[in-house]
Amino acid sequence: MSITVNFPAEVRDWIAANLTRGVAPQAIVNEMVARNNAVELAAAMVEAVSASFLYGAPLPGERLEVGAAPLGYQPEPLRVPDGPLIRVGERKVRVLSRLQRPAAVHLENFLSADECEQLIALAQPRLDRSTVVDPVTGRNVVAGHRSSHGMFFRLGETPLIARLEARIAGLTGTPVENGEGLQMLHYEEGAESTPHVDYLVPGNDANRESIARSGQRMGTLLMYLNDVEGGGETVFPQIGWGVVPQRGHALYFEYGNRFGLCDPSSLHASLPLRGGEKWVATKWIRMRRFVARERG
Ligand code: PD2
Ligand code: ZN
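From a predicted model like this one, the values you see are computed outputs, not experimental measurements. (Residues numbered from 1 in each chain as written. Chains lettered and ligands numbered in written order. Predicted model: local features only at pLDDT ≥ 70, side-chain atom pairs only at ≥ 80, totals over all residues. Heavy atoms only, no water.)

Caption draft 1: Representation of the environment of Ala43 within the structure. Assignment of secondary structure puts Ala43 in helix H3 (residues 39-55). Sequence separation of Ala43 and Pro25 is 18 residues, and the distance between their C-alpha atoms is 8.5 Å. (Helix = DSSP H or I, 4+ residues; strand = E, 2+ residues; numbered from the N terminus.)

Okay, here's the thing in structure tokens:
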């Protein structure tokens, strides 16, 4: 049996701020109990906000159902066509493997060697230290967890970018305009990206506003632009799987379902590079047309 209680926005936001700062859920419950809240109520409130963070779902509203069935991610089949060969425009792309959870497909010749080289040449002079959104302030900061350099292309910035974006749209069955600008990443020896999910967690204003403008991220396409000497695998620690970067290969994984929840098993990382360099192009795909934040 469940009961519905009032969940004041300021209590919810206080819990969210503590979770974002890395305070353990149990410590937040203890603090609420110390402030004369019933333990069941405190636990339900902390659980509801934690679930939003885990599944990238909107924060709970002013009414909370205590005792309701817990949220869970229901996997949906990948939107990519079946079969060993996928035809996208003029290109026949070979499928190396498919995974159920997270829903993923590993592709062989998504890009030609020439396309890989052109992307690298275009990006090289524009590289900057990679940034991420600080979970507390919502600002772009140079992140310790992503020790690569990067840059973004604008949508359709060059004929090559436009052609690749059309190919990505064909593969994923999503409109070109749902894609964020293509991100280029360059890792040098020792560089890595520590475990993270690509969907936006609603813990700061920047993420909440971004989700309101464009919907949640639902999928990521990683395109590997060179062969690496060692390390640099894209790994999924929840399921113990890793993809070795090879020139022209791509990895597409989806994590957003139609209920607006995201799949925590899509947690992934790039292992430290052991020598040489690694080039990757990333396309993040939204539920709706991507509208960038206005600069100001
Ligand atoms: O370069 C990678 O393998 C990698 C790993 C995790 C890239 C990203 N995440 C990303 O661009 O989101
Ligand atoms: Zn990522």
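Back to the text.
Caption draft 2: A look at the coordination of the zinc ion (ligand 2). Protein coordination at the zinc ion (ligand 2): the donors are His196 (NE2), Asp198 (OD) and His268 (NE2), at 2.1 to 2.2 Å from the metal. In primary sequence terms, the donor set of the zinc ion (ligand 2) follows H-x1-D-x69-H. In this structure, His196 and Asp198 share a single accessibility class: buried. (Donors = N, O, S within 2.8 Å, 3.2 Å for Na, K, Ca; no water. Buried < 20%, exposed > 50% of the residue type's maximum accessible area, 1.4 Å probe, protein only.)

Caption draft 3: Structural context of the sheet that holds strand S15 (residues 250-254). One open sheet holds the nine strands; their spatial order is S3-S4-S5-S15-S12-S17-S10-S9-S6, and the pairing between them is antiparallel. Of all the strands in the sheet, the pair left with one neighbour each is strand S3 (85-88) and strand S6 (128-129). (Pairing = 2+ DSSP bridges.)

Caption draft 4: Local environment of the site of ligand 1. Around ligand 1, the surrounding shell holds 15 residues, and the nearest of these are Tyr187, Thr234, His268, Lys278 and Thr282. Between ligand 1 and the protein, one listed contact pairs a nitrogen atom with a side-chain N or O atom of His196 at 3.1 Å. Within the contact set of ligand 1, a nitrogen atom lies 3.1 Å away from a side-chain nitrogen or oxygen of His268. In the complex, the protein chains occlude 100% of the 310 Å² of accessible area that ligand 1 would expose alone. Mapped onto the shell around ligand 1, the elements with two or more residues apiece are strand S10 (183-188), strand S16 (268-270) and strand S17 (277-286). Ranked by residues supplied to the shell around ligand 1, first place goes to S17 with four residues. Split by residue class, the shell around ligand 1 holds six nonpolar, six polar and three charged. (Near = heavy atom within 4 Å. Polar contact = N/O pair within 3.5 Å; in protein donor to acceptor, adjacent residues only side chain to side chain. Areas by Shrake-Rupley, 256 points an atom, 1.4 Å probe, with all protein chains shown as cover. Nonpolar A, V, L, I, M, F, W, Y, C, P; charged D, E, K, R; others polar.)

Caption draft 5: A look at the UniProt feature "domain: Fe2OG dioxygenase" (unreviewed entry) in the protein. Feature annotation in UniProt places "domain: Fe2OG dioxygenase" (unreviewed entry) on residues 178-287, given in this structure's numbering. The span residues 178-287 shows a helical share of 9% and a strand share of 38%, and its end C-alpha atoms are spaced 7 Å apart. (UniProt positions renumbered as here; feature names shortened; annotations may be inferred.)

Caption draft 6: Layout of unusual backbone geometry. Of note, the bond from Arg101 into Pro102 is cis; its omega dihedral lies within 30 degrees of zero at 0°. The topology assignment puts Pro102 in the loop between strand S4 (91-99) and strand S5 (103-107). In this structure, Asn36 is a non-glycine residue whose phi angle is positive, near 75°. Looking at the secondary structure, you find Asn36 in the loop between helix H2 (25-34) and H3.

Caption draft 7: Quick look at the packing of aromatic side chains. One pass over the full model with this rule turns up four aromatic pairs. When the centroid spacing of 5.8 Å and the interplanar angle of 50° are considered together, the rings of Tyr199 and Tyr255 count as tilted. Of the two residues, Tyr199 sits in the loop between strand S11 (193-196) and helix H6 (205-214) while Tyr255 sits in the loop between S15 and S16, which places them 56 residues apart along the sequence. Residues Tyr199 and Tyr255 agree in their burial class; the two are buried. Geometrically, the ring pair formed by Phe253 and Tyr255 is tilted, given 5.9 Å between the ring centres and 55° between the ring planes. Given a relative accessible area of 0%, Phe253 falls into the buried group. Three or more aromatic residues joined by ring pairs make a cluster, and in this case those are Tyr199, Phe236, Trp241, Phe253 and Tyr255. Taking the ring centre of Phe110 as reference, the NZ or CZ of Arg167 above it sits at 5.9 Å. The ring centre of Tyr187 lies 4.6 Å from the NZ or CZ of Lys278, which sits over that ring. (Phe/Tyr/Trp six-rings, centres within 6.5 Å; stacked < 30°, edge-to-face > 60°. Lys NZ or Arg CZ within 6 Å of the ring centre and 35° of its normal.)

Caption draft 8: Structural context of the nonpolar core. Counting residues in hydrophobic clusters, the biggest one holds 33 residues, and the most contacted among them are Phe110, Leu119, Met223 and Leu225. At the level of secondary structure, the elements contributing two or more residues to this core comprise S3, S4, S5, helix H4 (113-123), helix H5 (159-172), strand S12 (217-224), S15 and S17. Of all the elements, H5 adds the most residues to this core, at five residues. Among all residues touching Phe110, those that are not within four sequence positions of it are Arg91, Val93, Glu115, Arg167, Ile168, Leu171, Leu221, Met223, Gly248 and Ala250. Among the nonpolar cores identified, the runner-up in size contains 18 residues, and Phe7, Ile28, Met32 and Val66 belong to it. (Core = buried A, V, L, I, M, F, W, Y, C linked by side-chain atoms within 4.5 Å. Contact = heavy atoms within 4.5 Å.)

Caption draft 9: How the structure looks around the sheet that holds strand S14 (residues 241-243). Taking strand neighbours across the sheet as the criterion, the four strands line up as S11-S16-S13-S14 in an open arrangement whose pairing is antiparallel. Whereas interior strands pair on both sides, the edge strands pair on one side only; in this sheet they are S11 and S14. On average, each strand axis in the sheet is inclined to that of its neighbour by 15°, with strand direction left out of account. Direction of pairing for strand S13 (residues 234-236) relative to S14: antiparallel, over a ladder of three bridges. Residue pairing across strands places Thr234 opposite Val243, the latter belonging to S14. (Axes fitted to C-alpha atoms, helices over the stretch in contact; angles between N-to-C directions.)

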